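Overview (structure and organization)
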Amino acid sequence: MAVYIVLLGPPGAGKGTQAQLIAQKYGLMHVSSGDLFRENLKNETELGKLAQTFMQRGELVPDDVTIAMVRERLGRPDCQKGALLDGFPRTPTQAQALAQMLQEFNAAVSVVPYIAVPEEVLVERLSGRWTCRKNGHVFHEKYNPPTAVGVCDYDGSELYQRDDDLPATVKNRIKVYQEQTAPLIQYYRENGLLVEVDGTKPIDQVTNALLQAIEKAA
Ligand code: ADP
Ligand code: ADP
């Protein structure tokens with residue numbers, strides 16, 4: 001049966017970093033809604049133009065648009081074995097839509113690792129984040145530096161700093177997270193799917209804790 005893992009946590013918690021490592025280990029597709037929006041932005045699609053105004057302000061793209069985009073992505077053949085979801089769902093409506101679409105595939109969410117990181121750590125994480133142009137690989141200038149400054153270790157493409165990682169936008173993203181996404185912690189706890197992991201530890205320790213949580217649940 002297909003396996004769907006939902007990585008939950010505030011912006012900067014380490015979802016993208018960990019998703020990359022875990023997806024590789026299990027041969028699962030890494031589906032990041034943020035990466036999908038940025039891909040659309042780069043290709044100047046209608047969806048990209050629509051998303052841009054919300055992303056620049058650090059607000060959420062409307063649910064109907066986001067849900068349709070993820071539904072289309074999960075329906076593709078490379079997601080037949082399941083997916084590691086990063087950044088989706090971000091609202092209760094999205095969580096319900098996910099449950100419904102997985103039901104259509106005769107599947108369900110397997111486990112929801114929640115990467116817990118206190119607010120004061122997030123701004124520093126995001127202001128030091130460098131993202132790869134080609135595939136969205138992430139680095140940190142202090143905590144996870146690339147081998148060569150400005151170059152992605154995985155695919156050699158250029159590293160850049162996201163506009164929405166500026167401190168003013170980050171503050172709004174954290175506020176939006178608290179208001180709209182944090183309620184999902186309780187939602188998935190009540191469903192018995194939530195496993196909390198301490199995201200303040202070094203990257204490899206967080207990976208180990210996540211792998212343990214996933215293996216226990218699977
Ligand atoms: P998210 O996808 O949750 O927004 P990222 O994976 O992009 O988070 O990580 C945000 C920043 O923090 C990146 O620069 C990343 O290199 C760094 N980072 C991720 N995990 C850790 C960690 N455990 N300790 C220190 N820095 C981390
Ligand atoms: P982070 O890695 O910091 O958590 P993302 O790359 O996941 O950030 O998201 C960047 C932006 O893309 C968000 O601030 C939001 O505007 C938009 N976005 C991403 N995922 C969603 C979603 N599930 N629902 C609505 N908007 C989203």
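Higher on the page you've got the structure.
Every value quoted in this text rests on a predicted model; they were computed, and no experiment measured them.

Further remarks concern the packing of aromatic side chains. Scanning the model with the defined rule gives two aromatic pairs in all. Aromatic side chains Tyr187 and Tyr188 sit 4.9 Å apart centroid to centroid with 80 degrees between the ring planes, which places their arrangement in the edge-to-face category. The class for Tyr187 is partly exposed, based on a relative accessible area of 25%. On the basis of relative accessibility, which here comes to 2%, the residue Tyr188 falls in the buried class. For Arg57, the ring lying beneath its charged end belongs to Phe54, and the centroid distance is 5.7 Å. Over the ring of Tyr160 we find Arg133, and its NZ or CZ is 4.2 Å from the ring centre.

Attention now goes to the packing of helix α1 (residues 15-26) against helix α9 (residues 203-217). At their nearest, the axes of α1 and α9 sit 10 Å apart, and the two run at 50 degrees to each other. One way to sum up the angle between α1 and α9 is to call them oblique. You can see that α1 and α9 cross each other, and the crossing is right-handed. Residues Thr17, Gln18, Leu21, Ile22, Lys25 and Tyr26 of α1 form the contact with α9, whose own contacting residues are Ile203, Val206, Thr207, Leu210, Leu211, Ile214 and Glu215. Classifying every residue of the contact of α1 with α9 by side-chain character gives eight nonpolar, three polar and two charged.

On to the pattern of salt bridges, then. This structure, assessed with the given rule, holds 15 salt bridges. A salt bridge links Arg71 to Glu104; its shortest N-O distance comes to 3.0 Å. Residue Arg71 is located in helix α4 (residues 63-74), and its partner Glu104 is located in helix α5 (residues 92-104); the two are separated by 33 residues in the primary sequence. Take Arg71: its relative accessible area is 33%, and that puts it in the partly exposed class. Judged by relative accessible area, Glu104 falls into the partly exposed class, the value being 48%. Among the salt bridges present, the one from Asp164 reaches Arg173, with a minimum N-O distance of 3.8 Å.

Criteria and cut-off values
Residues numbered from 1 in each chain as written. Chains lettered and ligands numbered in written order. Predicted model: local features only at pLDDT ≥ 70, side-chain atom pairs only at ≥ 80, totals over all residues. Heavy atoms only, no water. Phe/Tyr/Trp six-rings, centres within 6.5 Å; stacked < 30°, edge-to-face > 60°. Buried < 20%, exposed > 50% of the residue type's maximum accessible area, 1.4 Å probe, protein only. Lys NZ or Arg CZ within 6 Å of the ring centre and 35° of its normal. Axes fitted to C-alpha atoms, helices over the stretch in contact; angles between N-to-C directions. Helix = DSSP H or I, 4+ residues; strand = E, 2+ residues; numbered from the N terminus. Parallel < 35°, antiparallel > 145°, perpendicular 65-115°, else oblique. Left-handed = near helix turned anticlockwise from the far one by under 90°. Contact = heavy atoms within 4.5 Å. Nonpolar A, V, L, I, M, F, W, Y, C, P; charged D, E, K, R; others polar. Salt bridge = Lys/Arg side-chain N within 4 Å of Asp/Glu carboxyl O.

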